[in-house]
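# Analysis of the macromolecular model
As a plain string of letters, each chain reads:
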Amino acid sequence: MQGGIEQNNITTCQIYPDIYNDHMARSKSDIANSAIRIFLQDVGKFYDEKRGFKPFIPNKSQKEELLNYFNYQCCFCGDNLTAKTLSQDHLVPMNKTLLGLHSWGNVVPCCKDCNNEKQQKSWEDFIKTKASGGILKNREKNITNFVHSKKYDPNLNLHDYADNL
Ligand SMILES: [Zn+2]
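Residues numbered from 1 in each chain as written. Predicted model: local features only at pLDDT ≥ 70, side-chain atom pairs only at ≥ 80, totals over all residues.

### Description of the overall build of the protein chain
Helices and strands together make up the secondary structure of the protein chain, namely 7 helices and 2 strands. Sequence-ordered secondary structure for the protein chain, helices as α and strands as β, is α-α-α-β-β-α-α-α-α. Here the protein chain holds 165 residues, and 23% of them are scored as buried. Long-range contacts, defined here as pairs at least 24 residues apart, represent 61% of the contacts in the protein chain between residues at least 6 apart. (Helix = DSSP H or I, 4+ residues; strand = E, 2+ residues; numbered from the N terminus. Buried ≥ 20, exposed ≤ 12 C-beta atoms within 10 Å, placed from the backbone. Contact = placed C-beta atoms within 7 Å.)

Structure representation (structure tokens):
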């Protein structure tokens, strides 16, 4: 009986090697991504405090501040937003290559559709698919001004930063 079970397990892996490997790979990278996101949230909190801000959660008033800055519109496509329909996009994506932080100046309000579409793309490329001409220039300027107003450095080097903690 025992031999039979073992054999079944081996057979399953042998028949479906791609599914098996794929599944394993996905779980492993999922764990890595979660760990990176937790790390980037924690560093973001310190970075907020260092710049004199209350850590970005966002809570109700922080959501209002974001929406207010962007006139209650998706910063990419211009759709109207409320605190309920608000999605948050990280301008510099929170992944292990780009290391964007969850903090003031890197999170902008957008609609759910834009958030789903943008994923890991750069916002500079993505916004060009949502607007053109003067409207595009205005929206780009709004985002850039927002980042500057919060003193977020998109080229922040986490190694330099960690040395100064
Ligand atoms: Zn949008």
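Moving on from the model shown.
### Side note on unusual backbone geometry
Each neighbour pair has its own omega, and for I57 with P58 the value is -5°, a cis peptide bond. In this fold, P58 is placed in the loop between α2 (17-50) and α3 (60-69). One non-glycine residue, N71, adopts positive backbone phi at about 50°. The residue N71 is located in the loop between α3 and β1 (87-90) in this model. Although it is not a glycine, Q119 sits at a positive phi angle of roughly 50°. The topology assignment puts Q119 in the loop between α4 (112-118) and α5 (123-126).

### Some remarks on helix α6 (residues 133-149)
One turn of the α-helix equals 3.6 residues, which is why residues spaced by three or four share an orientation. For α6, built from 17 residues, the straight-helix expectation of 24 Å at 1.5 Å per residue is met to within 8% by its first-to-last C-alpha distance of 24 Å. Two residues or fewer after α6 comes K151, characterised by a positive phi angle close to 55°. (Expected span 1.5 Å × (residues − 1).)

### Here's the deal with the environment of E49
Secondary-structure assignment places E49 in helix α2. Separated by 55 residues in sequence, E49 and W104 place their C-alpha atoms 9.9 Å apart.

### With respect to the nonpolar core
Counting 21 residues, the largest nonpolar core has C74, C75, F76, V108 and C110 as its most contacted members. Those elements that provide at least two residues to this core are β2 (107-110) and α6. Top element by residues in this core is β2. It accounts for 3 residues. Setting aside its immediate chain neighbours within four residues, V108 contacts F70, C75, D89, L91, I143 and F146. (Core = buried A, V, L, I, M, F, W, Y, C linked by C-beta atoms within 7 Å.)

### Considering the environment of S149
With respect to the element layout, S149 can be found in helix α6. S149 gets classed as exposed once you count the C-beta atoms within 10 Å, which come to 11. Between the C-alpha atoms of S149 and W104, which are 45 residues apart in sequence, the distance is 9.6 Å.

### As for the pairing of β2
Residues V107 and P109 of β2 are buried on one face, and the alternating residues V108 and C110, pointing to the opposite face, are buried as well. Both β1 and β2 contribute to a ladder of 4 bridges, which runs antiparallel. Across the sheet, residue Q88 finds its bridge partner in β2, namely P109. (Pairing = 2+ DSSP bridges.)

### Quick notes on the environment of N95
The topology assignment puts N95 in the loop between β1 and β2. Spatially, the C-alpha atom of N95 lies 8.5 Å from that of L40, the residues being 55 residues apart in sequence. With sequence-adjacent residues up to four places away left out, N95 is seen in contact with I36 and Q120.

Remember that the coordinates give geometry; whether it matters functionally is a separate question.
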